[in-house]
Every structure is written in structure tokens, then in C-alpha cells.
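Fold and contact review
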Amino acid sequence: MANECGTGDSLSYSKEINKSAQKSLIPLTEDLAEWLSRVLDVSVEVDTFMDSLDNGVLLCKLAQLIQRKAVECKKAGHQLKDNVPQGKIKCRENATSESFFARDNIATFLSWCRELGLEDTCLFETDGLVLRRSPQNVLVTIYELARLGSRLGIEPPGLLKLEKEIEKEEKNPRPVSAKKVSTLDEQVRKISKEKKVTDIHRISEGKYNIGGKIVLIRMLRGRHVMVRVGGGWETLESYLDKHVVTSMKRIGRAVELGEGETIQDDYFVMNAKYKSHDSVNNNGRR
């Protein structure tokens, strides 16, 4: 019978990865809190972000804003890529958290999103917001609507502006590297040093080779170092935790063979080279 002395170490590594993933949501939450405050003319705080949304009122107001912008674009003679629903969005503005009316507001919003054409992979479930089961999916949904809104003339949040910058650079690539060290490069070096990652090399401004993979890195709001992953973003800290081997630990265990005989059967735990299924992706692809 195997001695499970290494279990605690394995669990601690898993907890570190989960903690890093949760921290990776903070910059996205800040970005969307600022954006919703601006476009809806309300006050949305980062610390109470989900509380501000969980009665469904602000989400319905966001849908109403997008509908109005679509009408304005049509009146101005613009051809719309998106088929924006124009039915009345019923919303109980006095709904309280976790009440029937709050759930009804959220259900109305999600139904409108589906009518708009958003796939379920881009949408959260009602309990995902009401009971805080999947805050990352809530962020995904709002980013999708922000992306649509930008096509209707609504100024996008910071990460979507960075995406547009990257699209322009892909058409006109930056020259391979100036020697001048930028604020971004200083932050990348600082984080890689904290994470004890040495296999990271600057190619040009905002482009790095990490463990043999080319990635694009940008600064969000002047303080968050973000990595472009697939169609979304995550913090550099979270990316390094999940995709690069930063440490290896030997775990000792004894395996009993019977009649008092045991053999040593050690194993190694690496922190950690794997692809997480929970990476935040602000366009719904995970």
C-alpha cells in the first residue's frame, strides 16, 4: 500500500495554479468596470463588480445601449454586420440580488444575447452570475458585447484596443528589436525573475519567445502585463505558472510489497507545464 506523503505537495501546487488563475481575472475586471462605468454613465467598482451585475439591470441597460447604437447606425446609412434584435427589453430595475426578478432580468439578457447570435460558449449561465460560479464566463460575455459595440461606434475597453493595435502590427510588423529597454520589458524581466523563469527572450517590443513559443505581451492600464493567448488574454504571471516549468520537487514515498518489505518509489512534481481548461478567454474560445 503506497504512502501518500506526496499528496499535500501536489495539492499545494494545484492551489497555487488556481490562485494564479483567479488573480488573472483582476485586470479583466478592472478593464470592464471602467468600460461599463463610462458607456452606461454609472459607477461600477472593481471590488463589487459582480454585485453590480447580479440583479441583471446593468446587463439589460448594456443591451438597450447596443440596440440604440444599432438604430443610429442604420439611420446614418451604415451597413451593419450584426443582426441586432430590436424588440423591447423588459427589465425590473428594482430587482434585488438572488430574487426571482433578478434571475428574470438575467434570463432576459441571455435570451437577447442568443437572439443576437452569440453562441453558448460565449455566454454564462444564470447561476454563474447569481451564485458566482463562473465569473470568468461573465467577463467573456461582456467582452463579446464590447466587441460588437465597438463596431457600432462605442469606444471599446482597453484590452480590445490592444487587440486592434496587434492587428495593425501584424499587417506592418515592428522591426526586430531596438536596444532601448521599455517599461514593458522591465516589467517582463521583473516578473520572470520572480517566477524564476530564464527561458524568456525579447524578440522585439511586445514580442517574446517563452519556452520556444512566440507570444505577444502588452501593458494594460499601465500596470498589468498581459499575454495574448488564443483569442483572449491572461496575466504573464498566470501564463508562466501554467505553461512553463518553473520548479521541480522530488517527493519521497515508500511502497509496501508485503511481509514487511518496502521499496522507495520517489516521483517528481513540476510547477507546471500543462494547458489549463479554465484559462480566461474574452471571446468565448477556451
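Residues numbered from 1 in each chain as written. Predicted model: local features only at pLDDT ≥ 70, side-chain atom pairs only at ≥ 80, totals over all residues. Heavy atoms only, no water.

We now examine helix α4 (residues 57-75). Between the first and last C-alpha of α4 there are 27 Å, a value that for 19 residues agrees with the 27 Å anticipated at 1.5 Å per step. Inspection of α4 places Val-57, Leu-58, Leu-59, Cys-60, Leu-62, Ala-63, Leu-65, Ile-66, Gln-67, Ala-70 and Cys-73 among the buried residues, and these make up the whole buried set. Buried residues in α4 make contact with α2 (25-40), α3 (49-53), α5 (100-116), α6 (126-130) and α7 (135-151). Positive phi appears at Gly-77, one or two residues downstream of α4, with a value of about 85°. (Helix = DSSP H or I, 4+ residues; strand = E, 2+ residues; numbered from the N terminus. Expected span 1.5 Å × (residues − 1). Buried < 20%, exposed > 50% of the residue type's maximum accessible area, 1.4 Å probe, protein only. Contact = heavy atoms within 4.5 Å.)

The next subject is the nonpolar core. Phe-49 and Ile-142 are the most contacted members of the largest nonpolar core, which totals 50 residues. Elements with a contribution of two residues or more to this core: α2, α3, α4, α5, α6, α7 and α8 (158-171). Counting contributing residues, this core receives three or more from each of domain 1 (20-157) and domain 2 (180-273). Leaving out residues up to four positions away in the same chain, Phe-49 has contacts with Thr-29, Leu-32, Ala-33, Leu-36, Val-44, Leu-139 and Ile-142. Counting 15 residues, the second largest nonpolar core, distinct from the first, contains Ile-191, Ile-217, Val-225 and Leu-236. (Core = buried A, V, L, I, M, F, W, Y, C linked by side-chain atoms within 4.5 Å. Domains from an automatic or database assignment.)

With that settled, consider the pairing of strand β3 (residues 213-220). Regular strands have side chains that alternate between both faces of the sheet. Pairing of strand β2 (residues 207-210) with β3, which is carried by 4 bridges, proceeds in the antiparallel orientation. Directly across from Tyr-208, in β3, lies its bridge partner Val-215. Direction of pairing for β3 relative to strand β4 (residues 224-229): antiparallel, over a ladder of 4 bridges. Across the sheet, Ile-217 pairs through a bridge with Val-227, a residue of β4. Here β3 folds back onto β4 in antiparallel fashion, the turn holding 3 residues, of which Arg-221 has a positive phi close to 55°. (Pairing = 2+ DSSP bridges.)

With a phi close to 65°, Glu-98 is a non-glycine residue in the positive phi region. Among the structural elements, Glu-98 can be located in the loop between α4 and α5.

A few words now on the packing of α7 against α8. For the pair α7 and α8, the least separation of the axes is 10 Å and the interaxial angle reads 60°. Regarding the angle of α7 to α8, the classification is oblique. Once α7 is placed against α8, the crossing between them reads as right-handed. Only Leu-159, Leu-160, Glu-163 and Lys-164 of α8 make contact with α7, whose side of the interface consists of Tyr-143, Ala-146, Arg-147 and Ser-150. Here the residues of the contact of α7 with α8 are counted per class, giving 4 nonpolar, 1 polar and 3 charged. (Axes fitted to C-alpha atoms, helices over the stretch in contact; angles between N-to-C directions. Parallel < 35°, antiparallel > 145°, perpendicular 65-115°, else oblique. Left-handed = near helix turned anticlockwise from the far one by under 90°. Nonpolar A, V, L, I, M, F, W, Y, C, P; charged D, E, K, R; others polar.)

Quick look at the packing of aromatic side chains now. Taken as a whole and judged by the stated rule, the model has 2 aromatic pairs. A ring pair is formed by Phe-100 and Phe-101, whose centres lie 5.6 Å apart and whose planes are at 70°; its orientation type is edge-to-face. Taking relative accessible area as the criterion, Phe-101 reaches 34% and is therefore assigned partly exposed. Residues Phe-109 and Phe-124 carry aromatic rings whose centres are separated by 6.2 Å and whose planes lie at 20° to one another, so their mutual orientation is stacked. Taken together, the residues span a long stretch of sequence, with Phe-109 in helix α5 and Phe-124 in the loop between α5 and α6 at a distance of 15 residues. (Phe/Tyr/Trp six-rings, centres within 6.5 Å; stacked < 30°, edge-to-face > 60°.)

Below, the discussion takes up the pattern of salt bridges. Here the structure, examined in full by the defined rule, presents 22 salt bridges. With a closest N to O distance of 2.8 Å, Arg-223 and Glu-30 form a salt bridge. Taken together, the residues Arg-223 in the loop between β3 and β4 and Glu-30 in helix α2 connect sequence positions 193 residues apart. Look at Glu-30 and you get buried, because its relative accessible area is 13%. Between Asp-54 and Arg-132 there is a salt bridge; the shortest N-O distance is 3.2 Å. With Asp-54 in the loop between α3 and α4 and Arg-132 in the loop between α6 and α7, this residue pair connects regions lying 78 residues apart in the sequence. (Salt bridge = Lys/Arg side-chain N within 4 Å of Asp/Glu carboxyl O.)

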